[in-house]
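Coordinates in review
So you can see what is in the structure, the chains are spelled out below.
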Amino acid sequence: NRGRVWNDTEEQILRAVGTLAGSALAREQAGEALRLSEERFRNVADASGEVIWEMGADERISFVSAGCLAVTGYTPKEIIGLSIDSLGTRPEFVAAFRAELQRQIAAQGFFRNIEHHMLDKNGRVHHMRTSGLPLFDAEGGFAGLRATSVDVTPEQESAAMAAEAMEALRQANGELEQYASVTQDLAAQAFAADRAKNEFLATIGHEVRTPIH
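Residues numbered from 1 in each chain as written. Predicted model: local features only at pLDDT ≥ 70, side-chain atom pairs only at ≥ 80, totals over all residues. Heavy atoms only, no water.

1. What about the pattern of salt bridges?
- Inspection of every chain in the model, using the stated rule, returns six salt bridges.
- Between R98 and E59 there is a salt bridge, and its shortest N-O distance comes to 2.6 Å. Residue R98 is located in helix α4 (residues 91-108), and its partner E59 is located in the loop between β1 (51-56) and β2 (61-64); the two are separated by 39 residues in the primary sequence.
- D85 is paired through a salt bridge with R98; the nearest N and O atoms lie 2.9 Å apart. (Salt bridge = Lys/Arg side-chain N within 4 Å of Asp/Glu carboxyl O. Helix = DSSP H or I, 4+ residues; strand = E, 2+ residues; numbered from the N terminus.)

2. Some details on empty space enclosed by the protein
- Scanning all chains against the criterion turns up one cavity of 30 Å³ or more.
- Reported here for the largest cavity is a volume of approximately 340 Å³.
- In terms of lining residues, the largest cavity is bounded by 20 residues, among which W53, I84, L87, H116 and M118 are the most central.
- At the level of secondary structure, the elements contributing two or more residues to the lining of the largest cavity comprise β1, β2, α2 (68-72), α4, β3 (111-119) and β4 (125-136). (1 Å grid on protein atoms, 1.4 Å probe; cavity = no way out; pocket = protein on both sides within 12 Å on 5 of 7 lines; lining within 4 Å. Points joined across faces, edges and corners; volume = space filled by probe spheres on them.)

3. Digging into unusual backbone geometry
- In this structure, E59 takes a positive phi of about 65° despite not being glycine.
- Positive phi, normally seen in glycine, also occurs at N113, with a value near 50°.
- Topologically, N113 is positioned in strand β3.

4. Re the sheet that holds β1
- Pairing in this open sheet of five strands is antiparallel, and the strands run β2-β1-β5-β4-β3 from one edge to the other. Whereas interior strands pair on both sides, the edge strands pair on one side only; in this sheet they are β2 and β3. Neighbouring strand axes in the sheet, compared pairwise and without regard to direction, differ in orientation by 30° on average.
- Relative to strand β5 (residues 142-151), β1 runs antiparallel, the two being bridged by six bridges. By the bridge assignment, V51 is partnered in β5 with S149. (Pairing = 2+ DSSP bridges. Axes fitted to C-alpha atoms, helices over the stretch in contact; angles between N-to-C directions.)

5. Side note on the pairing of β4
- Summarising the sheet, β3 and β4 pair through seven bridges and their orientation is antiparallel. By the bridge assignment, I114 is partnered in β4 with T130.
- Hairpin geometry of β3 and β4 is characterised by an intervening segment of five residues between the two adjacent antiparallel strands and by a positive phi of about 85° at G123.
- Bridging between β4 and β5 involves nine bridges; their strand directions are antiparallel. Among the inter-strand pairings, M128 is bridged to a residue of β5, identified as D151.
- In this antiparallel pair of consecutive strands, β4 and β5, the connection spans five residues, and G140 shows a positive phi of 90°.

6. Topic: the nonpolar core
- Core analysis: the biggest nonpolar cluster contains 20 residues, and W53, I61, V64 and I79 have the highest contact counts within it.
- Elements supplying a minimum of two residues to this core: β1, β2, α2, α4, β3 and β5.
- For I79, the residues in contact, after removing those within four places along its chain, are I61, V64, C68, T72, Y74 and L87. (Core = buried A, V, L, I, M, F, W, Y, C linked by side-chain atoms within 4.5 Å. Buried < 20%, exposed > 50% of the residue type's maximum accessible area, 1.4 Å probe, protein only. Contact = heavy atoms within 4.5 Å.)

7. Comments concerning the pairing of β2
- In the sheet, β1 pairs with β2 via three bridges, with the strands oriented antiparallel. Across the sheet, the residue bridging to E54 is F63, located in β2.
- Hairpin connection from β1 to β2: four residues lie between these consecutive antiparallel strands, with E59 at a positive phi of about 65°.

8. Describing the environment of D151
- Its place among the elements puts D151 in strand β5.
- Separated by 34 residues in sequence, D151 and H117 have C-alpha atoms that sit 9.5 Å apart.
- Apart from the residues lying within four places of it in its own chain, the contact partners of D151 are V71, H126, H127 and M128.
- One polar contact links D151 to H126, side chain to side chain, over a distance of 2.8 Å. (Polar contact = N/O pair within 3.5 Å; in protein donor to acceptor, adjacent residues only side chain to side chain.)

Written out as structure tokens, the structure is:
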């Protein structure tokens, strides 16, 4: 009704309804933005080939990207909630990782390219390279880690094969040098024998010719 005049109570109700509607719309938009942001993050994480993960202060995995399946054989659902000690890793692997992690964080506040080992679901050893940073709560207390890990097993295996090939080549070169040395000795002996033979024949020829003359 165009001619209607709203009283104060009705205006307050309308303003409240408008505020609630605006808040609901803002929350919906914020939720959609968060969903899109998380979706983009997951897409990048999955496409990168790296395993992106987070760990709480209790050393239990709170988030892991889908890339963990290709590396560990475990799905994210199987991993989330587990401690790093129960992820199929050997105690010495975890101890070495913790020691280097603490050393780098104490020295520089983050960690980069920590080389470590882990076991997959089938017990196969993987060579990993991990980088990340510690997380802190509002009071400055340690809240966990956020990190990325990449499986460098093919790279390590290629390096090992290259090292083996170089060692084999070095041994082959050594054997070739020995063979060349032996060949040179044999050639020198053959030359000396041929010269001795020629000298002997020349001497015999002279001794035979002298009585005849």
